[in-house]
Amino acid sequence: MLSIRSINVFYGAIHALKDVSVEVEQGEIVAIIGSNGAGKSTLLRTISGLLRPRTGEIDFKGSPIHTVPAHEIVNLGISHSPEGRRIFTNMSVQENLQLGAFTRAKGDPEIEADMEKALTRFPRLRERFKQNAGTLSGGEQQMLAIGRALMSRPSLLLLDEPSLGLAPNLVAEIFNIVLDLNKEGCTVLLVEQNANRALEVAHRAYVLETGTIVLSDTGKALLANPKVKEAYLGG
Ligand code: ATP
């Protein structure tokens, strides 16, 4: 579904991704794990067209997307829930969800149906529908960020650190939501510092270190890998 071949991405002189290649098959949950500054967010931003690779290619469903504008990439079926959630805190929950559908035709009757689906999936958002998003708790804001990303009807969902800063019970809830979305047919590329949980839910995963992929295997195999255990799973 997604084929990233040997991309190099820079911020000015900083070489953030070095010859990175990643494959995601339809129906998979694929995780990218790595420590702070490894380049995980940079990878997702490059897939969604916010950054451009200097060299290398990205294909989605067989067509190149690394030169396609970001809003068109959303229309092709890739949606990005960014690190830090980036919700609009002075807008209501309803308005944030509506913004997730901004690339769809105005008045599309199915937008309402998808909003209803999001509110059924995240009942707390229904309770807070007219409230400013800035008044939501961290976990609720994360649910809003995921709900907003789903409003473009993605076939591939990019999730950046969905569990960051959340209490353990909410972390479990977020990972259950990821599993549910995947069961419903959504392919997921997940970036996480919470390597344990990410490797438990992922079919396959890649380890990114200072801009380079150093390992890739099934989630299960990486959980058992001594190097991964020592570096990312707390020994
Ligand atoms: P974190 O979880 O801390 O965000 P990450 O693995 O997502 O880590 P990135 O945010 O992708 O890492 O950063 C990769 C590298 O690129 C780091 O060296 C970082 O300092 C650098 N970088 C990221 N964003 C920018 C930017 N806007 N300008 C310059 N350098 C940047």
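Residues numbered from 1 in each chain as written. Predicted model: local features only at pLDDT ≥ 70, side-chain atom pairs only at ≥ 80, totals over all residues. Heavy atoms only, no water.

K.L.:
How would you summarise the sheet that holds strand 2 (residues 14-24) if you had to cite specific residues and measurements?
P.N.:
The strand order 2-1-4-5 describes an open sheet built from four strands, whose pairing is antiparallel. Two strands lie at the open edges of the sheet, namely strand 2 and strand 5 (63-64), each paired on one side alone. Pairing of strand 4 (residues 55-60) with strand 5 involves two bridges; the strand directions are antiparallel. Bridging across to strand 5, Asp59 finds its partner in Pro64. (Pairing = 2+ DSSP bridges. Helix = DSSP H or I, 4+ residues; strand = E, 2+ residues; numbered from the N terminus.)

K.L.:
Before we move on, can you summarise the pairing of strand 6 (residues 78-81) with the specific residues and values?
P.N.:
Neither face of strand 6 is left uncovered, since the one carrying Ile78 and His80 and the one carrying Ser79 and Ser81 both have all their residues buried. With four bridges joining them, strand 6 and strand 7 (residues 156-160) adopt parallel strand pairing. Paired with Ser81 across the strands is Leu159, a residue of strand 7. (Buried < 20%, exposed > 50% of the residue type's maximum accessible area, 1.4 Å probe, protein only.)

K.L.:
So, helix 1 (residues 40-47): which residues are in play, and what are the values?
P.N.:
For helix 1, the buried fraction is high: seven of the eight residues fall into the buried class. All of the buried residues along helix 1 are Lys40, Ser41, Thr42, Leu43, Leu44, Thr46 and Ile47. Where helix 1 terminates, the next one or two residues include Gly49, which has phi positive at roughly 85°.

K.L.:
Which residues make up the site of the ligand, and what are the values?
P.N.:
As a matter of local geometry, the ligand sits amid 15 residues, with Asn36, Gly37, Lys40, Ser41 and Thr42 nearest to it. One nitrogen or oxygen atom from the main chain of Ser41 is found 2.8 Å from an oxygen atom belonging to the ligand. Thr42 is positioned with one of its side-chain polar atoms (N or O) 2.5 Å from an oxygen atom of the ligand. Coverage of the ligand by the protein chains reaches 64% of its 620 Å² of free accessible surface. (Near = heavy atom within 4 Å. Polar contact = N/O pair within 3.5 Å; in protein donor to acceptor, adjacent residues only side chain to side chain. Areas by Shrake-Rupley, 256 points an atom, 1.4 Å probe, with all protein chains shown as cover.)

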